[in-house]
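# Examination of the molecular architecture
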Amino acid sequence: MRVLLTGGAGYIGSHTALVLLEHGHEVLVLDDFSNSSIEAIRRVEQLASASIAVVRADLADLEAARTALEGERFDAVIHLAGLKAVGESTEQPTRYYRTNLVSTLNLLEMMRERAVTSLVFSSSATVYGTPQTRTLAEDHPVGQGITNPYGFTKAMNEQIIRDAQAAWPEFGAVLLRYFNPVGAHPSGRIGEDPSGIPNNLMPFISQVAVGRREKLMVFGSDYPTVDGTGVRDYIHVMDLAEGHVAALEHIAAGVAAYNLGTGRGSSVLEVVRAFEGATGIAVPYEIVAARAGDLAEAVADPRLANNELGWQASRSLDEACRDSWAWQSANPSGFDA
Ligand code: UFG
C-alpha cells in the first residue's frame, strides 16, 4: 500500500514510517515541520534503505493541502498531524481546536474526493477522561471529565470520524487510543525531540541525564498509588508504531477503537529507577506540587487490540529507557544539532 502519513516527521510518525517501510509499504509524508525535522525522515530512509516521498503543507489549510497532494496517489491514511501539548492547549484553546479539528475535516474531505476509504487516527487515552475503572477498556465512557482542550480535540475528532463514516458506508476507520509512548528506535538514530522544556516525563528524564536540565520535578506524591506518584501505562514507541501497521492491515468498513498500551502501570519513581538501572546514570529529582488536571492512574486494558489486531506490546520499560538514552546521548540537542 502507499500510505499517506500526516505528521510523519514527528516522534510517532518517524517510527511508524520506519515500520511501514519494513512491512513493504510505500510512505508519503505530509508535514508542516512546525514541530518536527526533515532530518528525522532522512534518518528513517537510511535505517530502512528506502525512500520516502515528502510534501510540506499545513493540513489545516485545505487549498494548500490539496495543491500539495496534487498528482500524489495514496491508498490509505494514517493521521497523526496535530498539536499535542496539554498545557499549551489550555493557553491557546482556539488554536488547538482550529488546528486539530480543521485538519481532520480537511483530510476527510480530501479522502472522500479521492475515494480513499481507509483511515487510522491517532487518538489518546485522554478521551476516557476520569477513569471509572481500574484499567481502561474501549467501552469505558468517552468525553466525561476531560480536563483540557487538547483532550477534547481528540474526543471530538473521534466523533467527527464516526459521523463521516455513518454518511459514507464504504469508509473504514481505526481510532488508536495511545497510552504513554516512550523510548526510541534501538539504533538511537530517531527519537523524541521536543521543542523547549519537555512536558512529558521520559524526555524530561533523559534531558536531566544528559545534563541539559538540573533535576526532574516529580509532580505530586500523595496520589492513591503504590508510592504516591502518578501511575501511567508506558508503551515503547516501536510497539506503538507496530500497532499502527497492524491496524492498517485490519481496517474494515465501519469504525473500531483500540487501546495501544501494555496493561502495566508504572509510577513516576519506578520510571526514574528503571531509567537509572538501564543507563547507570543518576537522575536527581525533587517532589513538587501535583500538576493541574493530572490523573492518579491511567492504565490500558489492551486485550481488544491483542485479540482483534493480533498485536501486543512486547518491549519492556527497561528497553524503552535504554533506547531513549541511546537516542538522547547520541543526539543531546535533538535533530538540529
Ligand atoms: N510527570 C512528572 N514530571 C514531569 C513530567 C511528568 O512528575 O516533568 C509525571 C506526571 O505527573 C504523570 C507522569 O509523569 O504522573 C506522566 O506525565 P506525562 O506528561 O509524560 O504524560 P501524561 O500522562 O500526563 O500525558 C499523556 C500524553 C497526553 C495525553 C495524556 C492522557 O502526553 O497527550 O497522556 O492520555 F493527553
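It should be noted that the structure appears before, not after, this text.
Quantities reported herein were computed from a predicted structural model and do not represent experimental measurements.

All right, on to the nonpolar core then. Within soluble globular proteins, side chains that are nonpolar generally end up buried alongside one another. By size, the foremost hydrophobic cluster in this structure holds 44 residues, and its most contacted members are Leu5, Leu20, Val27, Ile52, Ile78, Leu176 and Trp311. When neighbours within four sequence positions are excluded, Leu20 is seen to be in contact with Val3, Leu5, His25, Val27, Ile78, Val245 and Leu248. Counting 23 residues, the second-largest nonpolar core is a separate cluster that includes Leu4, Ile161, Trp168 and Leu175.

Turning to its location among the elements, Gly87 is positioned in helix H4 (residues 86–91). For Gly87 and Gly293, which are 206 residues apart along the polypeptide, the C-alpha to C-alpha distance reads 9.4 Å.

Here we come to the sheet that holds strand E9 (residues 231–232). Strands sit in the order E12-E9-E14 across an open sheet of three strands; the sheet is mixed. What marks the edges here is a single partner per strand, and that holds for strand E12 (266–267) and strand E14 (297–298). Sheet analysis places E9 next to E14, joined by two bridges and oriented parallel. Across the sheet, residue Arg232 finds its bridge partner in E14, namely Ala298.

Let us now look at the pattern of salt bridges. Side chains that carry opposite charge are capable of pairing whenever their charged atoms lie near each other. Counted according to the given criterion, the structure contains 16 salt bridges. The residue Arg303 makes a salt bridge to Asp301 at a minimum N-O spacing of 2.7 Å. Exposure remark for Arg303: the relative accessible area of 55% places this residue in the exposed category. What you see here is one network of salt bridges that share partners, running through Arg2, Glu26 and Glu72.

Next up on the list: the site of the ligand. Around the ligand, the surrounding shell holds 19 residues, and the nearest of these are Asn200, Met217, Arg232, Arg291 and Asp294. Between the ligand and Thr126 there is a distance of 3.1 Å, counted from an oxygen atom to a backbone nitrogen or oxygen. Take Tyr150: an N or O atom from its side chain is 3.2 Å from an oxygen atom of the ligand. In the complex, 89% of the free accessible area of the ligand, which totals 680 Å², lies under the protein chains. Counting residues per element, the shell around the ligand draws most heavily on strand E8 (residues 216–219), at four residues. Along the lines of polarity and charge, the residues of the shell around the ligand split into ten nonpolar, six polar and three charged.

In an α-helix, one turn spans 3.6 residues; hence positions three or four apart end up facing the same way. Along its 13 residues, helix H8 (residues 237–249) runs 19 Å from first to last C-alpha, staying within 8% of the 18 Å computed at 1.5 Å per residue. Looking at H8, one finds that the buried residues are Val237, Met238, Asp239, Leu240, Ala241, Gly243, His244, Val245, Ala246, Ala247 and Leu248.

One can find Arg162 in helix H6 (residues 149–166). Owing to a relative accessible area of 32%, Arg162 belongs among the partly exposed residues under this scheme. When the C-alpha atoms of Arg162 and Gly254 are compared, they prove to be 8.2 Å apart, with 92 residues separating the residues in sequence.

Quick look at the sheet that holds strand E2 (residues 26–31) now. Sheet architecture is open: seven strands sit in the order E3-E2-E1-E4-E5-E6-E11, paired in parallel fashion. Both outer strands of the open sheet, strand E3 (53–56) and strand E11 (254–260), are each paired with one neighbouring strand and no more. Neighbouring strand axes in the sheet, compared pairwise and without regard to direction, differ in orientation by 20° on average. Pairing analysis gives four bridges linking E2 to E3, with the strands arranged parallel. In the sheet register, Leu28 faces E3, and the bridge partner there is Ala53. With respect to the sheet, helix H3 (residues 62–69) is in contact with strand E1 (2–6), E2 and E3, its orientation differing from that of E3 by roughly 150°.

As a further point, take unusual backbone geometry. For Ser49, which is not glycine, the phi dihedral falls at a positive 50°. By secondary structure assignment, the location of Ser49 is in the loop between helix H2 (38–48) and E3. Look at Ala115: it is not a glycine, yet its phi comes out positive at around 55°. Mapped onto the elements, Ala115 comes out in the loop between helix H5 (93–114) and strand E5 (118–124).

A few words now on the side chain of Arg177. For Arg177, the position within the fold is in strand E6 (residues 172–178). A polar contact is formed between the side chain of Arg177 and the side chain of Glu158, at a distance of 2.7 Å.

Time to look at the pairing of E6. E6 sits mainly inside the fold: seven of its seven residues count as buried. Residues Gly172, Val174, Leu176 and Tyr178 point to one face of E6 and Ala173, Leu175 and Arg177 to the other, with burial holding for every one of them. Across seven bridges, the pairing between E5 and E6 is parallel. When the sheet's bridge partners are listed, Ser123 is paired in E6 with Arg177. Tracing the backbone out of E5, into H6 and back to the parallel element E6 gives a crossover that is right-handed. Sheet topology places E6 next to E11; seven bridges connect them, and they run parallel. Bridging across to E11, Tyr178 finds its partner in Leu260.

Thresholds, definitions, all that
Each residue is numbered by its place in its chain's sequence as written, counting from 1. Per-residue local features of the predicted model are confined to residues with pLDDT of at least 70, and side-chain atom pairs are confined, for both listing and counting, to 80 or more; whole-chain, interface and lining totals are unaffected and use all residues. Side-chain measures were taken over the full set of non-hydrogen atoms in the model, leaving aside hydrogen atoms and water. Only buried residues count toward a nonpolar core. Its members are Ala, Val, Leu, Ile, Met, Phe, Trp, Tyr and Cys residues joined through side-chain atoms within 4.5 Å. Only protein chains enter the calculation, and the probe is 1.4 Å; a residue is then buried if its accessible area is under 20% of its type maximum, exposed if over 50%, and partly exposed in between. Here, two residues are considered to be in contact whenever any of their heavy atoms come within 4.5 Å of each other. What counts as a helix is a DSSP run of H or I of at least four residues, what counts as a strand is a run of E of at least two, and both are numbered from the N terminus. Pairing between strands is defined by DSSP: at least two bridges between them are needed. One side-chain nitrogen of Lys or Arg within 4 Å of one carboxyl oxygen of Asp or Glu is enough to make a salt bridge. Put simply, a residue is near a molecule or strand once any heavy atom of it comes within 4 Å of that molecule or strand. Any pair of nitrogen or oxygen atoms within 3.5 Å is treated as a polar contact; in protein, a donor-acceptor pairing is required on top of that, and neighbouring residues in sequence qualify only through side-chain atoms on both sides. Areas reported as accessible are Shrake-Rupley estimates using a 1.4 Å probe. Residue values count occlusion only from the protein chains shown. Gly counts as polar in this scheme, as do all residues outside two lists: the nonpolar Ala, Val, Leu, Ile, Met, Phe, Trp, Tyr, Cys and Pro, and the charged Asp, Glu, Lys and Arg. Helix span, as expected, comes to 1.5 Å for every residue beyond the first. In this analysis, axes come from line fits to C-alpha atoms, helices being fitted only over the stretch in contact, and the angle between any two N-to-C directions falls in the range 0 to 180 degrees. Orient the strands so they point away from the viewer, and a crossover whose first-strand-to-second-strand path over the helix runs clockwise is right-handed.

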